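An overview of the molecular structure
Residue strings, one per chain:
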Amino acid sequence: SGEAETRPKSEEAYDLYLRSIAVPHDPAPNKEAIAMLERAVGMDSTYAPAWEALGLRYYYESAYGDGGEPMLKRSDSAFERAVELDPNLVFSAGQLITNKVERGETGKAYMAAQALVKRRPESAQAHFAMAYVDRYVGMLQQATQECDTALALDRGNYHFRSCALAFMQLGEPQKAMEFIRLDVGSDWAIRRTAMVLLSQGKLSEARQSTQRTSDLPLGLRDVIEACLDPQQTSHLDKAAQQIEASTLTAVDPEPRYIFGAMLSYCGEKDTGVRLLRSAIKSNYCAYTALQTDPFLVTLRPTPEFKELLSAAKQCQDKVLSQTQ
């Protein structure tokens, strides 16, 4: 980091920071890591890597725990503090971009990601940030190219795991699994594996995978199990209602697309269409995904699909016009 490098000033704070790195990032242990890092920055407020680690933990609490928008704001503040202390922390700069796109500020995020890649073309994190934004803009081919570039520059980095979503939407399960395996063993990886198997029609394997997941607020296990068993229609209806209620109040529109596509595939078309429509309205443009996602094969012949595709194209055009 050159002249901007920050060094720990407290041995105890540095020890807490190092211990936090080893804590898993699933929801329950993530809370423990947050407590450790909050203590660390309280003792040493000038150590940038601790602020960066705390920003990521706040993000996980927002996205996968029960932190919501307040925790996402804390994530922004922690990453901003990290960059203030050390402007060369590309990871923090990239995470500020992905936080922005999840709020629906897709045009601003797209321009910021382009600028970051131009400034730091050798950085895997910069290319991952660009891939993340490309996915929200609905440009999956560009997203997967940036994902491959990021992985080539930094093999084995589990932060790149969400690239699997772009490959899933393109109907490339083998490539999706390559990125899922970056975070093997986590609840996230187990859930995404189940989704890949379901999209391939491998029902028994998908059922086995869901049985290894934790109970989660979004009820993915319930949806997949009900989808796999036509006799559980009432269970699927209840799970669909719960998912619709929880995802519509969440900051990030991407889960609305993911669950909207899955519910459409499982026969809950009306709920699925509502979620897809809401995702697009919140600037998750999904223009390519609507045309290639295996989960949408039964929705494409319907009038509702034409409406969604038109809205997605308008979403994409609007975002790209903002970047000119």
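Look a little higher up for the structure.
The shown structure was predicted, so the numbers you read here are calculated from the model rather than taken from an experiment. (Residues numbered from 1 in each chain as written. Predicted model: local features only at pLDDT ≥ 70, side-chain atom pairs only at ≥ 80, totals over all residues. Heavy atoms only, no water.)

1. A short note on the state of the cysteines
- With the rule as written, the count across this model stands at two disulfides.
- What pairs with Cys147 in a disulfide is Cys163, and their sulfur atoms sit 2.1 Å apart. Across the S-S bond linking Cys147 and Cys163, the dihedral sits near -90°, which makes this disulfide left-handed. Here Cys163 lies in helix H9 (residues 163-169) and Cys147 lies in helix H8 (residues 140-153), a separation of 16 residues in the sequence.
- Assessed through its relative accessible area of 0%, Cys163 is described here as buried.
- With a sulfur-sulfur separation of 2.1 Å, Cys285 is cross-linked through a disulfide to Cys315. Note on the Cys285 and Cys315 pair: the S-S dihedral is about -65°, so by sign convention the disulfide is left-handed. Linking Cys285 in the loop between helix H16 (269-281) and helix H17 (287-292) with Cys315 in helix H18 (residues 303-322), this pair joins segments that are 30 residues apart in sequence. Accessibility classification places Cys285 together with Cys315 in one group, the buried group. (Disulfide = S-S within 2.5 Å. Helix = DSSP H or I, 4+ residues; strand = E, 2+ residues; numbered from the N terminus. Buried < 20%, exposed > 50% of the residue type's maximum accessible area, 1.4 Å probe, protein only.)

2. A look at the packing of aromatic side chains
- Per the stated rule, a full pass over the model turns up 13 aromatic pairs.
- For the pair Phe128 and Tyr132, a centre-to-centre distance of 5.8 Å together with 70° between the ring planes defines the contact as edge-to-face. Separated by four residues within a single helix, Phe128 and Tyr132 lie in helix H7 (residues 124-137), roughly one turn from each other.
- Given the relative accessible area of 6%, Tyr132 is considered buried.
- Taking the centre distance of 5.5 Å and the plane angle of 40° together, the rings of Tyr257 and Tyr284 count as tilted. Separated by 27 residues along the polypeptide, Tyr257 in helix H15 (residues 254-266) and Tyr284 in the loop between H16 and H17 bring together distant segments of the chain. One exposure class covers both Tyr257 and Tyr284, and it is buried.
- Among the aromatic residues, ring-to-ring pairing joins Phe128, Tyr132, Tyr136, Phe160, Tyr257 and Tyr284 into one connected group.
- Directly above the aromatic system of Tyr287 lies the positively charged group of Lys313, at a separation of 5.1 Å from the ring centroid. (Phe/Tyr/Trp six-rings, centres within 6.5 Å; stacked < 30°, edge-to-face > 60°. Lys NZ or Arg CZ within 6 Å of the ring centre and 35° of its normal.)

3. Side note on a nonpolar patch on the surface
- Together, Tyr14, Leu18 and Ile21 give the surface a local cluster of nonpolar side chains, amounting to about 270 Å² of exposed area.
- Secondary-structure assignment places Tyr14 in helix H1 (residues 11-21). (Patch = residues over 30% accessible without salt bridge, like charges linked within 9 Å, V, L, I, M, F, W, Y side chains within 5 Å. Areas by Shrake-Rupley, 256 points an atom, 1.4 Å probe, with all protein chains shown as cover. Salt bridge = Lys/Arg side-chain N within 4 Å of Asp/Glu carboxyl O.)

4. Some thoughts on helix H6 (residues 106-119)
- Its 14 residues give H6 an end-to-end C-alpha distance of 20 Å, which sits within 8% of 20 Å, the value for a rise of 1.5 Å per residue.
- Buried within H6 are the following residues: Thr106, Gly107, Ala109, Tyr110, Ala113, Leu116 and Val117.
- Buried residues along H6 sit in contact with helix H5 (90-102), H7 and H18. (Expected span 1.5 Å × (residues − 1). Contact = heavy atoms within 4.5 Å.)

5. Thoughts on the packing of H6 against H7
- At their nearest, the axes of H6 and H7 sit 9 Å apart, and the two run at 150° to each other. By the angle class used here, H6 and H7 are roughly antiparallel. At the point where H6 passes H7, the crossing takes the left-handed sense. On the side of H6, the interface is formed by Thr106, Ala109, Tyr110, Ala113, Gln114, Leu116 and Val117, while H7 contributes Ala126, His127, Ala129, Met130, Val133, Asp134, Tyr136 and Val137. (Axes fitted to C-alpha atoms, helices over the stretch in contact; angles between N-to-C directions. Parallel < 35°, antiparallel > 145°, perpendicular 65-115°, else oblique. Left-handed = near helix turned anticlockwise from the far one by under 90°.)

So, to be careful, I would describe these as geometric facts and stop short of saying anything about function.
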